[in-house]
Amino acid sequence: MKATLIALAAAGFVSGANMRLFDALLPTVADDFGVVPTVASVVVTAFALAYGLFQLVHGPLGDRVGKLKIVAGATFIAAAMSLATVFVTSLTGLAVLRFLTGIGAGGMIPLALAWIGDNTPYEKRQTTLARFLGVVLLGNILGPAMGGLLAELLSWRAVFAVFSLLFLSVGIVLVVQQRRSPAPPPAGEPRPGVVRSYIDVLRDPWVRTVLATVAIEGALFYGAFAYTGAFLKAKFDLAYSTIGAIIAAFGVGGVLYSLAVRWLVRRLGEAGLVIGGGFILLACYLLLPWLPAWQPIALVLARRGIGLYMVHNTIHTRSTEMAPKARGTALALHAFFMFSGQALGVLICGVLIRVLNYEWTYVLAGLGLAALGVIFRRRILRHAEQARLDRA
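A quick note: this is a predicted structure, and the numbers were derived from the prediction, not measured. (Residues numbered from 1 in each chain as written. Predicted model: local features only at pLDDT ≥ 70, side-chain atom pairs only at ≥ 80, totals over all residues. Heavy atoms only, no water.)

1. A short note on helix α12 (residues 205-225)
If you check α12, its first and last C-alpha atoms are 30 Å apart, about what 21 residues at 1.5 Å a residue would give, namely 30 Å. The element α12 is largely enclosed, with a buried count of 16 among its 21 residues. (Helix = DSSP H or I, 4+ residues; strand = E, 2+ residues; numbered from the N terminus. Expected span 1.5 Å × (residues − 1). Buried < 20%, exposed > 50% of the residue type's maximum accessible area, 1.4 Å probe, protein only.)

Shown next as structure tokens:
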């Protein structure tokens, strides 16, 4: 089991790093194809859309075929598409390949989490999940830095050659582990069909509230965040390696949150985390575009990481309890709505940046996230009160 867990963690690391590559690469890719970053952002939208959409396929498929088998297959898809990206000759072709890469990358982290749940005793599960997600977050941190450095030293195409090799290596290890520990035959009561399961979960108004919240969060935060590298390049003309290192500070903020989460939950509770995180994000988005120098931006991004995970971790926790009898379906919907929101947000923020500018787009995103925190806090308190009344 330990070897399999390490292999899954490696898949999570590479998938997490791949997810955030274009935070640093977007400006250089835009230059290479002779377009502005807001047009080149279609590659970010394509990846996020595929990543979210195919969650609805990977979850049920993993339950039926075997989670390790699907994760291994997903790594091979991502490896092949990353290799093809090295030779792409048009922005349209790059967008298509990023969509196909997103299909593969989207099958790794959620099914790895499901495998850990299947194979880890409950008393050890929280620690194991936290360590796994810490590795994924480390990939989020190092992805922009790695991409920026390789783009600076070689080219942005070299980045995808490296990731193709990484995906392929992890996939081979997972195939070996899967053959050593094949999935057991399914047991228990027969489950309803996939479509029926989704319909049953979505009937609950609270489920729809949580899913709408995570979709809006994804659109507001990641829609604006996708242009951070382009903003830094346009305003300060920094080297791509420097841009990648600055953006990595966001992930450092997430790690700091994970270290302090037990204390924060005890002090603030879920409602306090949501509204506190929303106003931290508002402060960061108000401050970022008007900083006169680039050096303090890393600190702002680190604080932005803390604020985001205060909100997102609460939403994620609530998502695990949306439908206790159908958690796999519920979490697939969580991922679908989050990444669909992200894909839509990148498009909307691209339009806003062209019509307004970076500064006012960031202001609007910050105001939206603060309002979301206030509204979701009220919904959490109302839902808790309703649950108390139902138990009485």
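2. Overview of the pattern of salt bridges
Pairing between side chains of opposite charge can happen when the charged atoms of each approach one another. Under the criterion given, the structure shown has three salt bridges. As a salt-bridge pair, R157 and D32 come within 3.6 Å of each other at their nearest N and O atoms. Residue R157 is found in helix α10 (residues 156-180), and its partner D32 is found in helix α2 (residues 22-33); the two are separated by 125 residues along the sequence. For the salt bridge of D237 with K233, the shortest nitrogen-to-oxygen distance reads 3.3 Å. (Salt bridge = Lys/Arg side-chain N within 4 Å of Asp/Glu carboxyl O.)

3. Things to note about a positive patch on the surface
Where like charges cluster on the molecular surface, the positive patch consists of R377, R378, R379 and R382. Tracing the sequence through the fold places R377 in helix α17 (residues 358-391). (Patch = residues over 30% accessible without salt bridge, like charges linked within 9 Å, V, L, I, M, F, W, Y side chains within 5 Å. Areas by Shrake-Rupley, 256 points an atom, 1.4 Å probe, with all protein chains shown as cover. Lys, Arg positive; Asp, Glu negative; His and termini not counted. Charge placed at Lys NZ, Arg CZ, Asp CG, Glu CD.)

4. A closer look at the packing of aromatic side chains
One pass over the structure, following the stated rule, counts 18 aromatic pairs. When the centroid spacing of 5.9 Å and the interplanar angle of 40 degrees are considered together, the rings of F47 and Y51 count as tilted. One end of the pair is F47 and the other is Y51, both in helix α4 (residues 42-53) and four residues apart, which spans about a single turn. Assessed through its relative accessible area of 5%, F47 is described here as buried. (Phe/Tyr/Trp six-rings, centres within 6.5 Å; stacked < 30°, edge-to-face > 60°.)

5. Here we look at the side chain of K67
Mapped onto the elements, K67 comes out in helix α6 (residues 67-85). Residue classification places K67 among the buried residues on the basis of a relative accessible area of 13%. Those residues in contact with K67 that lie beyond four places of it in its chain are G62, L111, A114, W115 and D118. (Contact = heavy atoms within 4.5 Å.)

6. Section: the packing of helix α1 (residues 2-19) against α6
Two quantities define a packed helix pair, namely the angle between the axes and the distance from one axis to the other. For the pair α1 and α6, interaxial distance at closest approach is 12 Å and the crossing angle is 35 degrees. Note that α1 runs across α6; the crossing there is left-handed. For the pair formed by α1 and α6, the contact residues are T4, L8, A11 and N18 on the first element and L68, V71 and S82 on the second. Among the residues forming the contact of α1 with α6, the class breakdown is four nonpolar, three polar and no charged. (Axes fitted to C-alpha atoms, helices over the stretch in contact; angles between N-to-C directions. Left-handed = near helix turned anticlockwise from the far one by under 90°. Nonpolar A, V, L, I, M, F, W, Y, C, P; charged D, E, K, R; others polar.)

7. Some words on a nonpolar patch on the surface
Together, W290, V351, V355, L356, W360, L364 and L367 give the surface a local cluster of nonpolar side chains, amounting to about 700 Å² of exposed area. Within the residue set of the nonpolar patch, elements represented by two or more residues are α16 (327-355) and α17. At three residues, α17 tops the list of elements feeding residues into the nonpolar patch. Note that L356 resides in the loop between α16 and α17. The partly exposed category is assigned to L356, whose relative accessible area is 41%.

8. Side note on unusual backbone geometry
Residue D237 is not a glycine yet carries a positive backbone phi of 50 degrees. Among the secondary structure elements, D237 is positioned in the loop between α13 (228-236) and α14 (240-287).

9. Considering helix α11 (residues 194-202)
Three- or four-residue spacings in an α-helix give side chains the same orientation, since the helix completes a turn every 3.6 residues. Residues S197, Y198 and V201 constitute the buried set of α11. Looking straight down α11, one finds that the buried residues subtend no more than 95 degrees of arc, so they occupy a single side. (Arc of directions from axis to C-beta.)

10. Considering empty space enclosed by the protein
Applying the stated rule across the entire model yields two cavities of 30 Å³ or more. Looking at the largest cavity, its volume works out to about 90 Å³. Every residue along the wall of the largest cavity is listed here: M19, R20, F22, D23, V43, V44, F47, A48, R98 and Q342. Within the residue set of the lining of the largest cavity, elements represented by two or more residues are α2 and α4. At four residues, α4 tops the list of elements feeding residues into the lining of the largest cavity. Taken together, the residues of the lining of the largest cavity break down into six nonpolar, one polar and three charged. In this model, the second largest cavity occupies a volume close to 30 Å³. Lining the second largest cavity, in full, are R20, D23, N140, I141, P144, F225, I247, A248, F250 and G251. For the lining of the second largest cavity, the secondary-structure elements that each account for two or more residues are α9 (122-153) and α14. In terms of residue count, α14 provides more of the lining of the second largest cavity than any other element does, four residues in total. Looking at side-chain class alone, the lining of the second largest cavity contains six nonpolar, two polar and two charged residues. (1 Å grid on protein atoms, 1.4 Å probe; cavity = no way out; pocket = protein on both sides within 12 Å on 5 of 7 lines; lining within 4 Å. Points joined across faces, edges and corners; volume = space filled by probe spheres on them.)

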